[in-house]
Amino acid sequence: MTNHAIKTIEENYKMTAFGVTFEDFNDWAGNAAKTAAKKAEITENGKLAELLALADGQEYQINYVLGGKGWRGFGVMGEFDAEGAVVLDFLAGDYIVVPGTGADKDRLADEITGKVFGGLLQEITDYKYVGPGNFTFVKAAENGDYYGEMWLRAQKAEG
């Protein structure tokens, strides 16, 4: 069974999100704490719910590079005017798509991300991740568990 697929997005697109900048990309514990605090803040103050209502209701966890620094946020597909949110540009092209399933909706996106950056990307030799960002979504599956995917912009490897 394959652990990824290659899918093509034909047109550039935008995502709108609330997030945090990482001063030190390798500070895993600190960055996880900052990300969790931002998610709690935008959930409690209703800003995430407002953004989801403007779009199709699907939430995305987004990793991006802004101003040369790592950034992680939570948002939606599309461009929307929401106070405090940023609009991110994603490019058309080929994407590595990595699926995952699990029983815990709140952990699945991080589990898929861990699988991808914990070694799976190195196993994919026909495409390479080029960014500038990636995103993960999670939704309910028919069996009561959850299904998610991580999408990473990629280029066919030379050779």
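Residues numbered from 1 in each chain as written. Predicted model: local features only at pLDDT ≥ 70, side-chain atom pairs only at ≥ 80, totals over all residues. Heavy atoms only, no water.

**Considerations on helix H3 (residues 105–123)**
- Between its first and last C-alpha atoms H3 spans 26 Å; for 19 residues at 1.5 Å apiece the expected length is 27 Å, and the two agree.
- Maximal helix bending in H3 amounts to about 50°, located at Phe-117.
- Looking at H3, one finds that the buried residues are Leu-108, Ala-109, Ile-112, Thr-113, Val-116, Gly-119, Leu-120 and Leu-121.
- Of the surrounding elements, those touching the buried residues of H3 are strand S3 (60–66), strand S4 (69–77), strand S6 (93–102), strand S7 (127–140) and strand S8 (146–156). (Helix = DSSP H or I, 4+ residues; strand = E, 2+ residues; numbered from the N terminus. Expected span 1.5 Å × (residues − 1). Bend = angle between axes of the 7 residues up to and from the residue. Buried < 20%, exposed > 50% of the residue type's maximum accessible area, 1.4 Å probe, protein only. Contact = heavy atoms within 4.5 Å.)

**A few points about the pattern of salt bridges**
- Using the criterion set out here, one finds six salt bridges in the structure.
- Here Glu-41 and Lys-38 are joined by a salt bridge, their closest N and O atoms 3.4 Å apart. Of this pair, Glu-41 and Lys-38 both sit in helix H1 (residues 28–44), three residues apart, which is roughly one turn of that helix.
- Classification of Glu-41 as partly exposed rests on a relative accessible area of 39%.
- On the basis of relative accessible area, Lys-38 is assigned to the buried category, the value being 18%.
- Put simply, Glu-111 and Arg-107 hold a salt bridge, and the shortest N to O gap is 3.4 Å. (Salt bridge = Lys/Arg side-chain N within 4 Å of Asp/Glu carboxyl O.)

**Structural notes on H1**
- Given a rise of 1.5 Å per residue, 17 residues ought to cover 24 Å, and the 24 Å separating the end C-alpha atoms of H1 matches this to within 8%.
- Along H1, the residues classified as buried are Asn-31, Thr-35, Lys-38 and Ile-42. When H1 is viewed along its axis, its buried side chains cluster within an angular range of 65° and face the same direction. Away from its buried face, by an angle of more than 90 degrees, H1 presents the exposed residues Ala-29 and Glu-44.
- Check the buried side of H1 and you find it contacts strand S2 (13–21), helix H2 (47–54) and S4. (Arc of directions from axis to C-beta.)

**A few points about the layout of surface pockets**
- Estimates place the volume of the largest pocket at around 830 Å³.
- Forming the walls of the largest pocket are 36 residues, and the residues nearest its centre are Gln-61, Asn-63, Arg-72, Asp-110 and Thr-113.
- Where the lining of the largest pocket is concerned, the elements lending two or more residues are H1, S3, S4, H3 and S7.
- Looking at the lining of the largest pocket element by element, the count peaks at eight residues for S7.
- Here the residues of the lining of the largest pocket sort into 16 nonpolar, twelve polar and eight charged. (1 Å grid on protein atoms, 1.4 Å probe; cavity = no way out; pocket = protein on both sides within 12 Å on 5 of 7 lines; lining within 4 Å. Points joined across faces, edges and corners; volume = space filled by probe spheres on them. Nonpolar A, V, L, I, M, F, W, Y, C, P; charged D, E, K, R; others polar.)

**A closer look at the pairing of S8**
- Looking at chain direction, S6 and S8 are connected through nine bridges and run antiparallel. In the sheet register, Pro-99 faces S8, and the bridge partner there is Glu-149.
- Taken together, the ten bridges between S7 and S8 define a ladder with antiparallel strand orientation. Residue pairing in the sheet places Lys-139 in a bridge with Tyr-147 of S8. (Pairing = 2+ DSSP bridges.)

**Comments concerning the packing of aromatic side chains**
- Counted under the stated rule, the structure contains ten aromatic pairs.
- Ring geometry for Tyr-60 against Phe-135: centres 5.5 Å apart, planes inclined by 85°, an arrangement best described as edge-to-face. With Tyr-60 in strand S3 and Phe-135 in strand S7, the pair connects residues that are 75 residues apart, well separated along the chain.
- Residue Tyr-60 is classed as buried on the basis of its relative accessible area, which comes to 9%.
- Residue class for Phe-135 comes out buried when judged on its relative accessible area of 4%. (Phe/Tyr/Trp six-rings, centres within 6.5 Å; stacked < 30°, edge-to-face > 60°.)

**Details of the sheet that holds strand S1 (residues 5–9)**
- Ordered by their spatial adjacency, eight strands build an open sheet running S1-S6-S8-S7-S3-S4-S2-S5, and the pairing between neighbours is antiparallel. The strands lining the two open edges of the sheet, one partner per strand, are S1 and strand S5 (86–90). The sheet shows a mean angle of 35° between the axes of neighbouring strands, taken without regard to direction.
- Strands in contact with H3 are S3, S4, S6, S7 and S8; relative to S8, the strand with the most contacts, it is inclined by about 35°. (Axes fitted to C-alpha atoms, helices over the stretch in contact; angles between N-to-C directions.)

Geometric descriptors of this kind do not, in isolation, establish any biological role.
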